[in-house]
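As a plain string of letters, each chain reads:
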Amino acid sequence: DAFSIETVAFGLVSRDRRETEQQLGFFFSAFPNYAVTLEGLATGTGSVALWGRARMTFRGDLPGQRATGKTADLPIFCVFAYAEGMLHSERFFFDLAGLCEQIDVPIGTLPAALLPLRGMEQVG
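Residues numbered from 1 in each chain as written. Predicted model: local features only at pLDDT ≥ 70, side-chain atom pairs only at ≥ 80, totals over all residues. Heavy atoms only, no water.

Section: the overall build of the protein chain
- Helix and strand counts for the protein chain stand at three helices and seven strands.
- Mapped from its N terminus to its C terminus, the protein chain presents α and β elements in the order β-β-α-β-β-β-β-α-α-β.
- A compact globule built from 124 residues should have a C-alpha radius of gyration of about 14 Å, and the protein chain, at 14 Å, falls within 12% of that.
- Along the three orthogonal principal directions, the C-alpha set of the protein chain runs to about 40 × 30 × 25 Å.
- Counting all 124 residues of the protein chain, 40% fall into the buried class.
- In the protein chain, the share of contacts with a sequence separation of at least 24, taken over all contacts with a separation of at least 6, comes to 49%.
- Surface summary for the protein chain: the accessible area is close to 6,800 Å², and the carbon and sulfur share equals 55%.
- Across the protein chain, the centroid of the 10 positively charged side chains sits 6 Å from that of the 14 negatively charged ones. (Helix = DSSP H or I, 4+ residues; strand = E, 2+ residues; numbered from the N terminus. Rg over C-alpha atoms; globule rule 2.2 N^0.38 Å. Buried < 20%, exposed > 50% of the residue type's maximum accessible area, 1.4 Å probe, protein only. Contact = heavy atoms within 4.5 Å. Areas by Shrake-Rupley, 256 points an atom, 1.4 Å probe, with all protein chains shown as cover. Lys, Arg positive; Asp, Glu negative; His and termini not counted. Charge placed at Lys NZ, Arg CZ, Asp CG, Glu CD.)

Examining helix H1 (residues 17-30)
- The end-to-end C-alpha separation of H1 is 20 Å, in line with the 20 Å expected for 14 residues at 1.5 Å each.
- Buried-residue contacts for H1 involve strand E1 (4-7), strand E2 (12-13) and strand E4 (47-57).
- Capping the start of H1 is the job of one residue whose side-chain oxygen sits 3.2 Å from the backbone nitrogen of Arg18: Asp16. (Expected span 1.5 Å × (residues − 1). Polar contact = N/O pair within 3.5 Å; in protein donor to acceptor, adjacent residues only side chain to side chain.)

Considerations on the nonpolar core
- Ranked by internal contacts, the top residues of the largest apolar core, which has 28 residues, are Phe10, Phe31, Met56, Phe94, Leu99, Ile103 and Leu110.
- At the level of secondary structure, the elements contributing two or more residues to this core comprise H1, E4, strand E5 (71-83), strand E6 (86-94), helix H2 (96-103) and helix H3 (109-114).
- It is E5 that contributes the most residues to this core, five residues altogether.
- Not counting residues up to four positions away in its chain, the partners in contact with Phe94 are Thr7, Ala9, Phe10, Leu74, Pro75, Ile76 and Leu99. (Core = buried A, V, L, I, M, F, W, Y, C linked by side-chain atoms within 4.5 Å.)

Re the pairing of E6
- Bridging between E1 and E6 involves four bridges; their strand directions are parallel. Of the residues in E6, the one forming a bridge with Ile5 is Glu90.
- The hairpin turn running from E5 into E6, its antiparallel successor, is two residues long, and Glu84 in that turn takes a positive phi close to 50°. (Pairing = 2+ DSSP bridges.)

Structural notes on the pattern of salt bridges
- In total, this model carries seven salt bridges according to the counting rule given.
- Of the charged contacts in the structure, one is a salt bridge between Lys70 and Asp104, with a shortest N-O distance of 3.7 Å. Highlighted residues: Lys70 in the loop between E4 and E5 and Asp104 in the loop between H2 and H3, separated in sequence by 34 residues.
- The class of Lys70 is partly exposed, set by a relative accessible area of 38%.
- Bridged by salt links that share partners, the residues Arg15, Arg18 and Glu19 form one connected network. (Salt bridge = Lys/Arg side-chain N within 4 Å of Asp/Glu carboxyl O.)

Comments concerning the environment of Gly69
- Mapped onto the elements of the fold, Gly69 is located in the loop between E4 and E5.
- It is 9.8 Å that separates the C-alpha atoms of Gly69 and Met56, two residues lying 13 residues apart in sequence.
- If we ignore the near neighbours within four places in the chain, the residues touching Gly69 are Thr57 and Phe58.

So, the confidence of the model for the protein chain
- Looking at the protein chain, pLDDT values average 89 and 92% of them are 70 or higher.
- Note on residues 118-124: pLDDT under 50 across the span, and 20 contacts to partners over four residues away in sequence or across chains. (pLDDT = per-residue confidence, 0-100.)

Structure follows, in structure tokens:
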């Protein structure tokens, strides 16, 4: 129930499972074919890091930003924290400028379009 996700490029962080579901639901409505190809994995005490490539097509409108139908292919990196066999959080990293360029969206538009999500806060 306390699972959180921090999407660093968007400046968003969820505080619990409900907010995480909202954030991911909103993202997948905009990028419904989002898929990751993993290239590597590293583990440590209480954490797992993954990296690879994400491919997604901007098919769903966001507040103030119409979908362009263009596809992006980007390197990604994420770190999951876990304890007692359960995931607790994810920090997700990708190149925002690369995403915006490939889907033909001004760089300031996409993060701003995601901020209206209820319960989301800007990452300080």
